[in-house]
Structure formats: structure tokens, C-alpha cells
There are 2 protein chains.
Amino acid sequence: MYLKSSQVYFPNQIRKSGYLRIEGSQIAGFSTEVPANAEVVDYGDHLIIPGFIDQHIHGWATGSFNHDKSVHSLKEMKRTLPLEGVTSFLATSGAEPIEDLLEGIHNASQVVDTQKDDGATLLGVHLEGPFINREYKGMQREECCIDPSLDIMRQFLDAQAHPGIIRLMTIAPELPGARELIELCHQQGIQLNIGHSAATFDCIRDLKEYGLGGVTHMFSGMRGFHHREPGVVGAALFFDDLNCEFAKQTGMTVRPEAVAMAWKMKSKDKIIMTTDCGGIALTRKPKYHYIRKQTFIPDGDGIILKGDDGSVQRIALNDVAGVRKLEMGYIESIRNLIANVHPSVHEIIKVTAENPARYIGVSDRKGSLETGKDADILVVNHNFELQAVYCMGKKVVMEA
Amino acid sequence: MYLKSSQVYFPNQIRKSGYLRIEGSQIAGFSTEVPANAEVVDYGDHLIIPGFIDQHIHGWATGSFNHDKSVHSLKEMKRTLPLEGVTSFLATSGAEPIEDLLEGIHNASQVVDTQKDDGATLLGVHLEGPFINREYKGMQREECCIDPSLDIMRQFLDAQAHPGIIRLMTIAPELPGARELIELCHQQGIQLNIGHSAATFDCIRDLKEYGLGGVTHMFSGMRGFHHREPGVVGAALFFDDLNCEFAKQTGMTVRPEAVAMAWKMKSKDKIIMTTDCGGIALTRKPKYHYIRKQTFIPDGDGIILKGDDGSVQRIALNDVAGVRKLEMGYIESIRNLIANVHPSVHEIIKVTAENPARYIGVSDRKGSLETGKDADILVVNHNFELQAVYCMGKKVVMEA
């Protein structure tokens, strides 16, 4: 099969006009001509770009690794994420009881190893905690924020079916024992993000060389910038080699101007967009959302939303179209990024695909449209609205 | 007279090898040859650059516009500032009683209008306050921080011998009546810096168009950066057209990494180096310096320094070599800037001469070595140590 467009995007700022060939689940090449009778889908002047990789997503629509660690829940994320352009992701946990995390790693292993070419690829797990600082817990569970423990970390590692399931971990490097944990994770090929952290600038400077690669949800849940103590924010902006991961661009948790400042300071090779969505519809306990000013109350096969303004609404949990509206999805966040910082298409591709693929170690198969890589492909119009999504070469049905 | 060097620096990144001609107080041209028997001073491969312009200096060595508004005090600043490479400056006041400020403006007018080619040029006055915010008073006198008043501002304007003496004013734009004051000053050709200010990002965004041109001592005395309220710091970094003025680079009030971050974000055309020195030896009342951890006690024709560590020292007020050591001077601050941010020579010239000259409206005669401008010239070696200083064409005797 061939996808035709006047704007097919490849790394190193190359835009080509022609035919992208898909063979099974792989990208098989690019050409300016096709054989007679070839199967061609003509996308005109729509943009053909790599699928988005979300390295920080707890849940979305009808699945949530946060609230329901079952195989079913992970499969729901795989099924519904492509609706927002996400073609691969790390299931992300939070500060939770150890046994829940072990169960999650176990189930994620199972899905990773048995998944067929069905929906978004589960690339592994991002452990956001539990070794994070209570002082900057944000919406994490305080009682589950604990000091780094090599014993617990080894349990996490052992819960994997094989190395490579846990690909990213968010830690607070100022906590006692962090250095040893960083070293252990780094030996295992796990990237380490600083997050939910009160670390000083000097702490990060001193520990960086042991394997700190970036920060989680830049600006939020970290010691802010001060001109005598630049903190985590200052370190993330100052050190060229630290990646800045951004959560979804709602404009509520971080002002667009702050994002624009980081955009200006950092190399575009060191910015990674994520959503940090939670799959909030699947919460098991009533949960107050301080930004939405709503309480989410589980109600059997539905969720009730009670607003501070007195409003009440119920949504069925299997109503994908309904529950997905509860959180801003990946491509809508990217449209906001476009409005705020005016990136080039190539910059968008870097921060949504190339950079996370490289950072979490999957650039051999994800993150670009080069020959031999997985056929995870988005077709978008000039307003960055999705026209088509391919996951592992299969076209996604966009009505879930 | 001709100054010869292999490195004479002109604007637009031009470095020439040859002869800079001085006629009286003016730069008369540049050439690669000179007439036979011409008077030539050969500086080899030393750098020949424009003199530093300090738009924010309260006092220095044996003179202080802060502590002694007399003509004598201003003349002492003129005499001693060239020892640190400063060839022109704005005498800078603080939050002080109105009558003191009026006296200062009056005396500065007199010196501006009668100065011969003697030492550094007094370019006029920088009023740092009194319309500043007590909440961010820093080392300013709280009881003298007042809300903007058009009546008082008109008194300041009237105290000038003619328009153009007051060239810069630092205000807190969030104070009531600030907008009207900004408009009045702008009509009078006075630049307005934001400083000692709790202004929000939106306040600055809304008032900027009325005539806010920059910020005073970046990072200090202003609302800091937060990702939901970027404050004065965020506005200064975000808005390309705001100038960032930096105080002397001691590394104590602002961490070098914070300076480096601003250096990275801002255009080099929008950074202005100053010292913000006080002439602390001339304090009239005992004064505790919280950074030096010393109390300065006036003692007749001397000053006694009592350290928190029990140390006691007395320095005679006419001992220029002694009192100048009490504060870091301009060129030493620039050497620290070089160590921290590794600027090019052209960038140094921008932030020390070209930019302040343009900002305070004296670029017709100061800020570069172009023909027709005042012969305010520095000769420095490759370590940025002063080898010679010319003020208005006259070579300065470097032993004061």
C-alpha cells in the first residue's frame, strides 16, 4: 500500500512529495513513482508525519493504568489513544502501594509481549514515583511517596517479564539513597527524570552525571526558579543536556508564556511533549479535581461529575466519546502549542516523536517515517486536525 | 593624536587594525596609515573599545549621589569612575525625601552644564524611585517609597536646568497612578525601568506600550518567576523589547547561572551592564550591609567597618585606593561576566556601551568609536585589564 502526499516528513528537515510505501506493519520505502495498479491512498497536500509517542500518560478515555492496572484497561488505552494521534506510549504509574505497582509492571509486561498490531503500541512502563518528594507531591498520594530503596527497585525490576519493560522513572534526586538508585536504574537502561522534587540546582549538577536525563512535567511539581537558588526549573533550563518534558498544554497548570520561554531557551532536540492524562473517569474513589473544580464520583458503570457550581452530570464508562472529553488529548494539546510558540512542522515532529523515541530507547522502530520502522503514521491537515491514523500499518477506525 | 592597535572595535562586529585619530575631545577618524611625524601611541595587540557607560550608579569611591548630593561629590565620581573604565554615567538616586531628590537634580544639572573635559561625563540623573513598591524595597528606605504623583514628578522636572537631565526613572508600574506617570515621563523623553516592583506579568504587558523600556537590576527587587505568574522576571525574559539591566556581577546577589540563563534568552542588544554601586564609604548614618556582613560607621574624615566576625577597620575618606575596594567596580564585574557567560568582545561592547547609549539617548555622542563621537576610549589587554583610559580625548592618570 502507498500513501501519497505532497508533504511527507522525514528527519533532518526533509519534506518530500511522493509515495510512502507500507508493507504489513512496516514502512517499506519512499518513491516518486509507483507501479501500475498499485494500491494508493491519495492524501493530497495533507501532512504525513510520524505518530505521536506519549511517554507520560496514566490513562485515557476508557483505560487507566493509574486506576485499573488490568490487562483490559491497558488494552483500552491501546484502542482509544490513536483517536488523539498517539500511536505508542508508556503506561505511567504514580506514587502507589508497592503491590499495585508490581501488578502493573507484571500486566504491562504481558501486554507488551503479546500485543498484535492492534491500536497504539504499549512500549513499556514509566514509573512516576514512588521515590518522589511529598513536599512537591501535586496530585500524588502523599502516603505513597517514599525514599529510594534498592530493595523495592529490585522488586520492580524482577516484576518485568524481561528487562526493557520499565523504560523511564521519575524520581526526586534530593532524597536519601537517590544516587545509588539512579546508578542501578541507569545500568538497567532506564532513563531517569527529575520530578515531584525539591532538588537544588547544585544537587542536580552533582548527580546529573550518574544518569539524570530530564525533568517530568516541566514547571509543575518541582522547586521553582529563584535567582539565588535556580532549583529544578533553573537546572532544566540551564543544562543543555537535560530534556524538558511538558504535560498537556491546557494553559491552566502552566502559563503559555512560561512554555514559550522554555521553548526559546532549550534546543528543540530536548523538548518532549506528553499529556500526563489520568483516565480520570476510572477513578475508584471520589476525587476532587482542583483545576476543573469538579468532584468525580464513581457510580457503577458510570462516573458522576459534581461541579463546585452545583452542576451534576453522569457519563457511562463505555462512552468513549463522552469520557475522552474529560481530559485534553494529545493532538489538541499540540494545537495549543502551535498557537503559543509557533513551531515548524519539523519541530513538532521532534517534540512529539523523534525526541521521545530517542529518549526512551525505541528509535530503532519508532519516531520517524524512515524505511524499516513501524508504520505508525498520522495524516493531518494544515490546522493539525487528524485525517487518518495508522498504527503498525493498520488504518484506525476513528469512531471508537 | 593617533592610537594604534591591531584590534580597534567598531559597531556591527567590525574589528580593524590601524590608527584611531583623536582631535581634541572627539574621535576624528580611522586609517591604516598616518602622516609622517604624527603623534602615535602604539598599543600593540591590546583591544581598543568604547568607554563603559554606567546608567545605574549611586556612588563610587569618594563620591556618592546617594549620600552626598553636593557638586563636590558628583565631581569626585567624575574623577574616580574612569579608574574602573567608566567614562560616562547617570548619577542615580534612591527612595529619598523629595527635597533631597530636588537638590540632587539641581546640582546634577549644574555639573552637567558646566563640566569641562574632566574625567567621566555626567550624562544626567537616574531616579531609582521614589515611586517604588515597599514590598520589594531591598536596601531602599521604606518610608520614602511612595505612590506615583504627577505633582511631585513635575517638581522633579522643574528642578532640571532644562529637559534632558533626568534620563531614566525606575518605577513600580503596579502602583496606583503609574500609568499617568509613565505617560508624562515618556513625553519628556525619560526612559522607564520597572524595578522594586511586585508587578504581575499582565500588568507589565498592559502598560508596556505606554513606555516601559526595561527592568532595573534584573532578578533583584522584583516579583520572581512562577509558571502561573511569570512576574517581572518572566516579563523581562519574555518580551523581546524589554531591556534587562544587570547590577555588578559579584555572584552574591544573583547566581552566575541565573545571569547565564538571561544571557541565553535575551538578545545581546537588550542587555545593559551597570554596577549599582553606592559609594558606601560616604554613608551618613551607620549602615549594615547584609551581604558583606559589615556595619559601616561614619567617623569624621573616615569610615569604620565593623564585621559580624568582630573585625574592625578604618579607612580615610580621601583614600581612593582604600574606599574603592569596598565595592566591586565596573571592569571587575565585566571580568566576572566574561568568566560566567563567555561573551564575544562585540557582545561586551554592546552591553557596556552601545546599548546604554541608545537606551538613555546619548548614542549621538557616546557608545562607539565612530567618527564624530566623544573620545571616550578604553585600552584593555586580553584579560580585560585596563591599560589606558581616555575621557573626552584626555588620557586619565590611573593613580587617583
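I will try to describe carefully the structure that is included in this document. What you see as residue numbers is a count from 1 along each chain, following the sequence as written. Going through the entries in the order they are written, you letter the chains from A and number the ligands from 1. The predicted origin of the model limits local features to residues at a pLDDT of at least 70 and limits the giving and counting of side-chain atom pairs to 80 or more, whereas totals for whole chains, interfaces and linings rest on all residues. Hydrogens and water molecules were not included; the side-chain quantities draw on all heavy atoms of the structure.

**What to know about the overall build of chain A**
- Looking only at helices and strands, chain A features 10 helices and 22 strands.
- Radius of gyration: C-alpha atoms only; globule rule: 2.2 Å multiplied by the number of residues to the exponent 0.38. The globule rule puts the C-alpha radius of gyration for 400 residues at 21 Å, and the 21 Å found for chain A is close to it.
- Along the first, second and third principal axes, the C-alpha set of chain A runs to 65 × 50 × 45 Å.
- In chain A, which comprises 400 residues, the proportion classed as buried is 59%.
- A contact between two residues is defined here by any heavy atoms of the two lying within 4.5 Å. Intrachain contacts of chain A at a sequence separation of at least 6 include 68% that bridge at least 24 residues.
- Shrake-Rupley sampling with a 1.4 Å probe provides the accessible areas, and residues are treated as covered by the protein chains on show and by no other component. Carbon and sulfur atoms make up 47% of the accessible area of chain A, which amounts to about 15100 Å² in all.
- Charged residues are defined here as Lys and Arg on the positive side and Asp and Glu on the negative side; His and the ends of the chain fall outside this count. Where a charge lies is defined by one atom per residue type: Lys uses NZ, Arg uses CZ, Asp uses CG and Glu uses CD. Positive and negative charge centroids in chain A, built from 42 and 51 side chains respectively, lie 2 Å apart. We count a stretch as a helix when DSSP gives it H or I for four or more residues in a row; a strand needs E for two or more, and each element gets its number in order from the N terminus. Summary of the burial criterion: residues with accessible area below 20% of their type's maximum are buried, those above 50% are exposed, and those between are partly exposed, where the area comes from a 1.4 Å probe applied to protein chains only.

**Some words on the side chain of B:Gln160**
- Relative to the helices and strands, B:Gln160 resides in the loop between helix 3 (150–159) and strand 11 (166–171).
- Identification of polar contacts relies on pairs of N or O atoms within 3.5 Å, with a donor-acceptor requirement for protein atoms, meaning one able to donate a hydrogen and the other able to accept it, and with residues adjacent in sequence counted only if both atoms are side-chain atoms. Side-chain polar atoms of B:Gln160 contact the backbone oxygen of B:Leu157, separated by 3.1 Å.

**Considering the interface of chain A and chain B**
- Contact with chain A, which involves 23 residues of that partner, is made by 23 residues of chain B.
- Note on definitions: salt bridges are taken to be side-chain nitrogens of Lys or Arg within 4 Å of carboxyl oxygens of Asp or Glu. At the boundary of chain A and chain B, one finds four salt bridges.
- Remark: the boundary between chain A and chain B carries 10 residue pairs in polar contact (both at pLDDT 80 or more).
- Of all the secondary-structure elements, those providing two or more residues to the side of chain A that touches chain B are helix 5 (201–207), helix 6 (231–238) and helix 7 (256–265) of chain A.
- Among the elements that take part in the side of chain A that touches chain B, helix 7 of chain A stands out by supplying six residues, more than any other.
- Across the side of chain A that touches chain B, the residue classes tally to 12 nonpolar, four polar and seven charged. Residue type decides the class: Asp, Glu, Lys and Arg count as charged, Ala, Val, Leu, Ile, Met, Phe, Trp, Tyr, Cys and Pro as nonpolar, and the leftover types, Gly among them, as polar.

**Focus: unusual backbone geometry**
Residues and elements named next belong to chain A.
- Gly129 connects to Pro130 through a cis peptide bond whose omega is 10 degrees.
- Tracing the sequence through the fold places Pro130 in the loop between strand 10 (121–128) and helix 3 (150–159).
- Although it is not a glycine, His196 adopts a positive phi angle of roughly 45 degrees.
- For His196, the location among the structural elements is in the loop between strand 12 (191–194) and helix 5.
- A relative accessible area of 4% means that His196 is categorised as buried.

**Details of the pairing of strand 3 (residues 26–31) of chain B**
Residues and elements named next belong to chain B.
- Two strands make a pair as long as DSSP finds a minimum of two bridges between them. Two strands pair when backbone bridges link them, and strand 2 (residues 14–23) and strand 3 are joined in this way by five bridges, in the antiparallel orientation. Paired with Ile22 across the strands is Ile27, a residue of strand 3.
- The turn joining strand 2 and strand 3, which pair antiparallel and follow one another in sequence, is formed by two residues; a positive phi near 60 degrees is taken by Gly24.

**Remarks on the relation of the copies chain A and chain B**
- For the pair chain A and chain B, the relating rotation is 180 degrees, the translation along its axis is 0.1 Å, and the fit reaches an RMSD of 0.0 Å. Taken together, these values place the two copies in the relation of a two-fold axis.
- Mapped onto chain B, 100% of the interface residues of chain A are again interface residues, and the two copies thus contact each other with one and the same surface. We superpose the copies by least squares over the C-alpha atoms of residues that have a pLDDT of at least 70 in both of them.

**Focus on the packing of helix 3 of chain A against helix 4 (residues 178–187) of chain A**
Residues and elements named next belong to chain A.
- Axes, fitted as lines to C-alpha atoms, cover a helix only where it is in contact. Angles between the N-to-C directions of the axes lie from 0 to 180 degrees. For the pair helix 3 and helix 4, the least separation of the axes is 10 Å and the interaxial angle reads 20 degrees. In terms of orientation, helix 3 lies roughly parallel with respect to helix 4. For the element pair helix 3 and helix 4, the recorded crossing hand is right-handed. Here Leu150, Met153, Arg154 and Leu157 of helix 3 come into contact with helix 4, specifically with Glu180, Leu181, Leu184 and Cys185.
- Taken together, the residues that form the contact of helix 3 with helix 4 break down as six nonpolar, no polar and two charged. By definition in this entry, angles of less than 35 degrees are roughly parallel, angles greater than 145 are roughly antiparallel, angles of 65 to 115 are roughly perpendicular, and the rest are oblique. Crossing handedness is read from the near helix: turned anticlockwise from the far helix by less than a right angle, it gives a left-handed crossing, and turned clockwise, a right-handed one.

**Some details on the nonpolar core**
- Among buried residues, the Ala, Val, Leu, Ile, Met, Phe, Trp, Tyr and Cys ones that are joined through side-chain atoms within 4.5 Å form a nonpolar core. In this structure, A:Met153 and B:Met153 are the most contacted members of the largest nonpolar core, which totals 197 residues.
- Ignoring anything within four residues of it in the chain, the contact list for A:Met153 reads A:Leu127, A:Phe131, A:Met169, A:Leu181, A:Leu184, A:Cys185 and A:Ile190.

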